[in-house]
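Residue strings, one per chain:
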Amino acid sequence: MILAPRLILLLLFLLFAFCVLLVHLRGRARLRFDRQLVDHSALFAPYNLMMYAFSAVPARPILDRRGFPQLDLLQANWRTIREEALRLFDEGYIRAAEKHNDASFNSFFKQGWKRFYLKWYGEPMPSAQALCPKTVELLDAIPSVKAAMFALLPPGSKLNPHRDPFAGSLRYHLGLITPNSEDCRIFVDGHVHAWGDGKDVVFDETYVHWAENRTDQTRVILFADVERPLRTRLMQAVNRRVGAFMGRITTSPNTDAEAARTGFVNRAFALNQRGRERTRAFKKRHPRLFRVLKYLGILLLVWLVFLAPWPLVR
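- The chain is annotated in an unreviewed UniProt entry as Aspartyl/asparaginyl beta-hydroxylase domain-containing protein from Fulvimonas yonginensis.
- Listed in UniProt under the heading Sequence similarities (unreviewed entry), the comment for the chain reads: "Belongs to the aspartyl/asparaginyl beta-hydroxylase family."

## Topic: the pairing of strand E9 (residues 209-213)
- Among the 5 residues that make up E9, 4 are buried, leaving the element largely enclosed by the rest of the structure.
- Relative to E9, strand E4 (residues 157-162) is paired through 4 bridges, and the arrangement is antiparallel. Paired with His162 across the two strands is His209, which belongs to E9.
- Judged from the 5 bridges that link them, strand E6 (residues 184-188) and E9 form a sheet pairing that is antiparallel. Across the sheet, Phe187 pairs through a bridge with Trp210, a residue of E9.

## Details of the packing of helix H5 (residues 78-90) against helix H8 (residues 133-140)
- At their nearest, the axes of H5 and H8 sit 8 Å apart, and the two run at 135 degrees to each other. Relative to H8, the element H5 lies oblique. Crossing of H5 over H8 shows left-handed handedness. On the side of H5, the interface is formed by Thr80, Ile81 and Glu84, while H8 contributes Pro133, Lys134, Thr135 and Leu138.
- Across the contact of H5 with H8, the residue classes break down as 3 nonpolar, 2 polar and 2 charged.

Conventions we followed
- Residues numbered from 1 in each chain as written.
- Predicted model: local features only at pLDDT ≥ 70, side-chain atom pairs only at ≥ 80, totals over all residues.
- Heavy atoms only, no water.
- UniProt positions renumbered as here; feature names shortened; annotations may be inferred.
- Buried < 20%, exposed > 50% of the residue type's maximum accessible area, 1.4 Å probe, protein only.
- Helix = DSSP H or I, 4+ residues; strand = E, 2+ residues; numbered from the N terminus.
- Pairing = 2+ DSSP bridges.
- Axes fitted to C-alpha atoms, helices over the stretch in contact; angles between N-to-C directions.
- Parallel < 35°, antiparallel > 145°, perpendicular 65-115°, else oblique.
- Left-handed = near helix turned anticlockwise from the far one by under 90°.
- Contact = heavy atoms within 4.5 Å.
- Nonpolar A, V, L, I, M, F, W, Y, C, P; charged D, E, K, R; others polar.

Here is the structure:
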């Protein structure tokens, strides 16, 4: 049987698109499918379907918090965590990435969202150990908490509907400094949770969710990734390996002293952003030449994909 490489690529793309479609149909709230197909969350669609198949928790947007008793330690100590978060907030440590080195949350920064990493799929961040040791100690006592940060949402801000890409974890929010208002809330597949001081929630972040703070007060929460409970040890082992790998390549620093810890994805993203800035500057200086080069590039890509002779694979 002889298959042309183009046919193999087409079949692989159709299989991938089918996986994305299954994820797209999960839940009531959905992105447009054309957007979902190119969204960063689509990259993990085949892996996420495997996680859903072996998940030991119900397929619900917001989960029963009582099913995660290990998180009681954090909720019981929310005032201690709040004290350290408040000090970081007052001293300006909870902030946006300053060097385009946090691809995971880059779009959030444009809405005023800010963060301070406590741990990220591995050892705690050195800056967190120095500045908020009590919170780090509490997190270290719960092995299923793989990543955590303080996350800030300023007054009048809104985070647009999105899916997080990785179904190997679930999301935990613990209110620390909040307006205690129904106008400061998150929607998960249409279900609403209003943040409040000491109030917590566990939800599946791979459902479409969005957030808003329609008050005049800043909201600060403890934001954590909790390992998804799975039904077999094999899947647990696979998920931990994948999670650890993803963590290594997506680590983002809190301070310049932690720059060496920056993961490959964020290094590449920073380079790309600098390249885009140079491209925008070139476009502004030479708009006609930019358009010519742009269309020549499109024609070259079309020729390579559809017209260039490809060898047959036997």
